[in-house]
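Inside the fold
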Amino acid sequence: MVKCKVRSRTVRILFFIVGIVLLALLYLTLSTSLPKYAGRVPFLALLFIIDWMIYSELKNNWTKSSQLLRCSFALFWWAPIVLLFLFLTATAFYPLQQWNSWLRIYIPGFALIAFISKFFTFLGLIPVYFLRLIAWVRGIGRNLKISKFNRSISFFRGAAIGIGMIVMVVLLMGSVFWVYDFKVQNVQVRIKELPAAFENMRIVQLSDIHIGSWVSKRPLQRAVDEITALKPDLIVFTGDMVNYSSAEVQGFEQIFAQLHAPLGVYAILGNHDYGDYVAWGSKEEKDKNLADLVTFYQSIGWHLLRNESQLIVKDSARLLLAGVENWSATARFHKYGDMKKTLEGAPKADLNILLSHDPTHWDAEVTSLYPEFVLTLSGHTHGMQLGMETRGIKWSPAEYIYREWAGLYSEINQSGSISYLYVNRGLGHIGYPGRVGIRPEITLFTLSRKGI
């Protein structure tokens, strides 16, 4: 009979040390095979420590339970971090693009759900740790026992468990009910110098489809039908078509090809589109992956702008649509974008719109060096797929990472005119296989001079 109750402090310490050593070995392995993922291992180590702290506290609730129940609790508790560890280890030896889509999406996805739930449990346990600290400090030399705080500790421990369970239920609901609950955001952009030919022009923006996370074609078809019903004059896509490789688009070509607009459908690349999150066998293999994605865009009739601009003319009014490759102000993402190349030989236009995947580009370069762009369209943040937008409240963990993370932003540029940035919340998902409070977005812009 397997006994899961560990009585020896030495064994518990040894278990903890072994866990840290395994994480260190995983970091070294990923550093050579998949550096993009190696940076996540220290975060996994932090999760392991928090896991250990919570488990050490909650297991006290099971001391008088049957051995089967205690074993079940231990297995349930440690399963997420073990699965995530095995997932990251496997990625070092077996390319992600060859994984079964369900395993690739839901192993890390549901591990993430467990960790977020545990994190909120940890927050709920902070009063418990504080009470234990008080008891320890006050008990020095006084023989004061922790039992004096047991009632309060039991209350906060129960509250922490309740909080964690509520968070887990909400996150699971986000994976089942809200992940494809598309929302059309109607945004009116007022432009003082807008040519009459572009008055009430309708532009639909899509972003961050992450097609590798879609296990069914039906939600995507529904999204395409909603876009078609909006009757846009122009459709733009601001990057991250795939998660890891261009192979993910196979089977979705006919659905994407249904999107048409009188002034065209245009797209740019996002950070995930370059194949930087996969350990390729050679540079040639990685280059072919990107070439295959370019071919895919050609096959569905979308115009892919790679550091280039397209002049769109309507009744003699000229719109310059510039598409820059991925450009981020943070060191985590490679700068493929080149604004000088994008605008090389570009003709003068009455209206200039920039497509740039990462919104940090707007603050870092666009507003100061390229004030001619009255509107920049971005994505990338997903609004963290988690937050709250209701009754005047707008919050997401994304705001602690990005200054502009969702919706419309504006500022007066050097020329004295208004410069706009819009950050799309994304149509798809990655990491967490769901949405809570931040719905997947289809944006409909209406350009107008009214109100100026």
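The structure we're discussing is the one just above.
Residues numbered from 1 in each chain as written. Predicted model: local features only at pLDDT ≥ 70, side-chain atom pairs only at ≥ 80, totals over all residues. Heavy atoms only, no water.

Another aspect to go through is the packing of aromatic side chains. Ring pairs (aromatic) are described by centroid distance and by the angle formed between their planes. Scanning the entire structure with this criterion turns up 22 aromatic pairs. Considering the side-chain rings of Phe-87 and Trp-99, the 5.0 Å spacing of their centres and the 70 degrees angle between planes classify their relative orientation as edge-to-face. Of the two residues, Phe-87 sits in helix 4 (residues 67-91) while Trp-99 sits in the loop between helix 4 and helix 5 (101-138), which places them 12 residues apart along the sequence. Each member of the pair, Phe-87 together with Trp-99, is buried. Ring-pair connections join several aromatic residues into one group, and the members of that group are Phe-48, Trp-52, Tyr-55, Phe-73, Trp-77 and Trp-78. In this structure, Lys-335 is placed above the aromatic ring of Trp-327, and the distance from its NZ or CZ to the ring centre is 5.0 Å. Positioned over the ring face of Trp-405 is Lys-394, at 5.2 Å from the centre of the ring. (Phe/Tyr/Trp six-rings, centres within 6.5 Å; stacked < 30°, edge-to-face > 60°. Helix = DSSP H or I, 4+ residues; strand = E, 2+ residues; numbered from the N terminus. Buried < 20%, exposed > 50% of the residue type's maximum accessible area, 1.4 Å probe, protein only. Lys NZ or Arg CZ within 6 Å of the ring centre and 35° of its normal.)

Moving on, we come to the pairing of strand 13 (residues 418-423). The element strand 13 is extensively covered by neighbouring structure, given that five of its six residues are classed as buried. Alignment of strand 9 (residues 375-378) against strand 13, held across four bridges, turns out to be parallel. Bridge assignment links Thr-376 to a residue of strand 13, and that residue is Leu-421. Direction of pairing for strand 12 (residues 407-412) relative to strand 13: antiparallel, over a ladder of six bridges. Looking at the pairing, Glu-411 lines up with Ser-419 of strand 13. (Pairing = 2+ DSSP bridges.)

An order of 1-14-2-3-4-5 is seen for the six strands of this open sheet, with the pairing classed as mixed. The strands lining the two open edges of the sheet, one partner per strand, are strand 1 (183-190) and strand 5 (303-304). Looking at chain direction, strand 2 (residues 202-206) and strand 3 (residues 234-237) are connected through four bridges and run parallel. For Gln-205, the partnering residue across the bridge sits in strand 3 and is Val-236. Across the face of the sheet, helix 7 (residues 218-229) comes into contact with strand 1, strand 2, strand 3 and strand 14 (441-448) while running at roughly 15 degrees to strand 14. (Contact = heavy atoms within 4.5 Å. Axes fitted to C-alpha atoms, helices over the stretch in contact; angles between N-to-C directions.)

Our focus in this paragraph is the pattern of salt bridges. Pairs can form between side chains of opposite charge whenever their charged atoms are close. Scanning the model with the defined rule gives 13 salt bridges in all. A salt bridge links Arg-439 to Asp-181; the nearest nitrogen and oxygen atoms lie 3.4 Å apart. Of this pair, Arg-439 sits in the loop between strand 13 and strand 14 while Asp-181 sits in the loop between helix 6 (150-178) and strand 1, and the two are 258 residues apart along the sequence. The exposure class assigned to Arg-439 is partly exposed, which follows from its relative accessible area of 34%. Judged by relative accessible area, Asp-181 falls into the partly exposed class, the value being 29%. With its nearest N and O atoms 3.0 Å apart, the salt bridge here joins Asp-292 to Lys-288. With Asp-292 and Lys-288 both in helix 9 (residues 283-300) and four residues apart, the pair spans about one turn of that helix. Judged by relative accessible area, which is 33%, Asp-292 ranks as partly exposed. (Salt bridge = Lys/Arg side-chain N within 4 Å of Asp/Glu carboxyl O.)

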